[in-house]
Amino acid sequence: MNDIIDVDYREKIPNNVNLSEDRRVLRALESWHPGYLDWWKDMGPEGFQESLVYLRTAVSVDPKGWAKFDYVKMPEYRWGILLAPHEEGRTVPFGKHYGEPVWQEVPGEYRALLRRLIVIQGDTEPASVEQQRHLGKTAPSLYDMRNLFQVNVEEGRHLWAMVYLLQKYFGRDGREEAEELLRRRSGSTDKPRMLGAFNEATPDWLSFFCFSFFTDRDGKMQLESLAQSGFDPLSRTCRFMLTEEAHHMFVGETGIGRTVQRTCEAMKAAGLEDPHDIERVRALGVIDLPTIQKKLNLHYSLTLDLFGSEVSTNAANAFNAGLKGRFRETAIEDDHKLESATYPVLKMVDGQIRRIDEPALTAINMRLRDDYTGDCQKGIGRFNKIIERTGVQFELKLSHVGFHRHIGEFRDAHVTPDGRVIDKAAWDKNRDKYLPTAADGDFIVSLTKPVAEPGKFASWIAPPKVGIDNRPGEFEYVKIAA
Ligand code: BYC
Ligand code: FE
Ligand code: FE
């Protein structure tokens, strides 16, 4: 990989961190880049590395126009390092340093805690690319394929964002962590990614849409909390990442919405009234609503695990230290120190689900999860509006937070999607009604035949209302290399 020498990094990496003057970091990035490209070629979108994809590239942080669209081969995407503008006089917005000037360097006493947060955040980004690498081959349209690849290159950029922080602020161990981020692999037994949901498979397009709806939304919540950080470079990095995250959730939300819409329209056209008549609905070449519900149950529950335990001293320490705040911290009206406040936490008590007041400081994860649940609920409401408009009688629901959990209070409990505690035998008996089965998966895979003709869509999904970058319906979003 000697071509790297030819790369003019001052020009090649779009940045607003004055990289050309920062020789030490430039050198660290130069030596990291070949490994990143090797990783991208091995673990990035399979079979499309030579194709021309109509992608947006972040080139500045100007809210009026931070991106430009053009055809690029993904390995040549210009992964940049962009921080939201410096805010004059910013102070630590929470915790025991509340009101003190924010840090431009890593506070020594919090070094380990901060590094861990950055590494965990960084680890999720390449993990999602790995999880989604096979999906290009079954894309329901060129439009969807382009959206997948857009999300993928931007998750790649999010990795760069965290690697920049590690290399600039954490010296040798930062560089080692940056290397490790390229070594772990989603789903691997010996070197798995750090968090549970990022080691799960994303076997089909409905899973991808659910992932971007639910899991990228956890990304949004976590980035919002880190955007509050008193460590200013982390805050500025996350603030800019959030502008990209919005598109990822758009892909998820419109993807599920279009799937739901197509199902309902096909049912109406065929005169099918019963959404639970699965066989006849499936025979129309669309995904039945109960199966969509099961997919939502799965991805929501896997994502809830990413919030950690409801009661967590890690979270309390990060808050106290001023490193990770609450969702929209600065808009909350309280002391921002949580010295005596309490927060209601859902817990398992004697086999019952109860709401118990806990010190708010240790209930930070629970609070963020509540904010997240509210956000998801609104999305589900929008799906139900789509169903309603078609006249089909069916309501999608967000499952109970205790359902199908592996982390925290509900980890050992069996809770139904509607929040009833049941025993293991009842769970085993009904599991296939709550979660997708292998047969459901096979059915979805059988439908996901690739469609690569501009302007055409697979049978199971409705076309989008508008194109990307206002392009017309027939636009060739991906020029597939032979
Ligand atoms: N899987 O005190 P606890 C995104 C570990 S998504 C495995 O309960 P804490 C994206 C935990 O590490 C956003 N292990 O939890 C989306 C700890 O281990 P140690 C990613 C888990 O620390 C789509 C122990 O259990 N960013 O950006 O308060 C595509 C006890 O932990 C899990 C972040 O997550 C799990 N699910 O909270 C692409 C932000 N949960 O230390 C990208 C940074 C917990 O005892 N991370 N554990 O060995 C954090 O803020 C926190 O680490 C967590 C956990 C919220 C993840
Ligand atoms: Fe990301
Ligand atoms: Fe994302």
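Please refer to the structure placed before this passage.
No experiment lies behind these values; they were computed from the predicted model shown.

What counts as what
Residue indices follow the written sequence of each chain, beginning from 1 at its first position. All chains are assigned letters beginning at A, and all ligands numbers beginning at 1, according to the order in which they are written. Per-residue local features are limited, in this predicted model, to residues with pLDDT of at least 70; the limit for side-chain atom pairs, both in listing and counting, is 80 or more; totals at the level of whole chains, interfaces and linings are taken over all residues. Segments assigned H or I by DSSP are reported as helices when at least four residues long, segments assigned E as strands when at least two residues long, and all are numbered from the N terminus. All radius of gyration figures rest on C-alpha atoms, and the globule criterion is 2.2 Å times the number of residues raised to 0.38. The exposure scheme places C-beta atoms from the backbone and then counts, for each residue, the other C-beta atoms within 10 Å of its own, assigning buried at 20 or more, exposed at 12 or fewer, and partly exposed in between. Any residue pair is listed as a contact if its two C-beta atoms, each placed from the backbone, are within 7 Å. In this description, a nonpolar core means buried residues of the types Ala, Val, Leu, Ile, Met, Phe, Trp, Tyr and Cys, linked to one another by C-beta atoms lying within 7 Å. Angles run from 0 to 180 degrees between N-to-C directions of axes, and those axes are lines fitted to C-alpha atoms, restricted for helices to the stretch in contact. In this scheme, roughly parallel covers angles under 35 degrees and roughly antiparallel covers those over 145, while 65 to 115 is roughly perpendicular and the rest are oblique. Residue polarity follows a fixed list, in which Ala, Val, Leu, Ile, Met, Phe, Trp, Tyr, Cys and Pro are nonpolar, Asp, Glu, Lys and Arg are charged, and the others, Gly among them, are polar. Using the backbone to place each C-beta atom, any residue with that atom within 6 Å of a molecule or strand is considered near it. Note that the arc is computed from the directions linking the helix axis to the C-beta atoms.

## Things to note about the overall build of the protein
Okay, so step 1: When helices and strands are counted, the protein shows 13 helices and 7 strands.
Okay, so step 2: The C-alpha atoms of the protein give a radius of gyration of 23 Å, which matches the 23 Å a tight globule of 482 residues would have.
Okay, so step 3: For the C-alpha atoms alone, the extent of the protein along its principal axes is close to 65 × 60 × 45 Å.
Okay, so step 4: For the protein, buried positions account for 46% of its 482 residues.
Okay, so step 5: Counting contacts in the protein only where the partners sit at least 6 residues apart, residues at least 24 apart contribute 70% of the total.

## Observations concerning the nonpolar core
Okay, so step 1: Core analysis: the biggest nonpolar cluster contains 115 residues, and Phe149, Val163 and Cys210 have the highest contact counts within it.
Okay, so step 2: Here Phe149 is in contact with Pro45, Phe48, Val53, Leu55 and Met74, once residues within four sequence places are set aside.

## Some words on the packing of helix H4 (residues 142-169) against helix H7 (residues 232-270)
The relative placement of two packed helices comes down to the angle between their axes together with the axis-to-axis distance.
Okay, so step 1: Between H4 and H7, the shortest axis-to-axis distance is 10 Å and the interhelical angle comes to 170°. For the element pair H4 / H7, the angle class is roughly antiparallel. Contacts from Asn147, Gln150, Val151, Glu154, His158, Ala161, Leu165 and Tyr169 of H4 reach H7 at Pro233, Leu234, Thr237, Met241, Glu244, His247, His248 and Val251.
Okay, so step 2: Tallied by class, residues from the contact of H4 with H7 come to 8 nonpolar, 6 polar and 2 charged.

## Some words on the site of ligand 1
Okay, so step 1: As a matter of local geometry, ligand 1 sits amid 25 residues, with Gly219, Gly308, Ser309, Ser312 and Asn314 nearest to it.
Okay, so step 2: Contributions of two or more residues to the shell around ligand 1 are made by helix H3 (111-131), helix H6 (205-227) and helix H10 (313-320).
Okay, so step 3: Counting residues per element, the shell around ligand 1 draws most heavily on H3, at 6 residues.
Okay, so step 4: Along the lines of polarity and charge, the residues of the shell around ligand 1 split into 7 nonpolar, 12 polar and 6 charged.

## Let's talk about helix H13 (residues 438-447)
Okay, so step 1: All of the buried residues along H13 are Asp440, Ile444 and Leu447. Mapping the buried residues of H13 onto a view down its axis gives an arc of 60°, with all of them on the same face. Facing away from the buried side of H13 by more than 90 degrees, the exposed set consists of Ala438, Ala439, Asp442 and Ser446.
Okay, so step 2: Close packing links the buried residues of H13 with H6 and helix H9 (289-304).

## Here's the deal with unusual backbone geometry
Okay, so step 1: Phi at Leu338 is positive, roughly 55°, even though this residue is not glycine.
Okay, so step 2: By the element assignment, Leu338 lies in the loop between H10 and strand S3 (342-349).
Okay, so step 3: Of note in the backbone geometry, Asp469 takes a positive phi value of approximately 55° without being a glycine.
Okay, so step 4: For Asp469, the location among the structural elements is in the loop between H13 and strand S7 (478-479).
Okay, so step 5: On the basis of neighbour counts, which here come to 14 C-beta atoms within 10 Å, the residue Asp469 falls in the partly exposed class.

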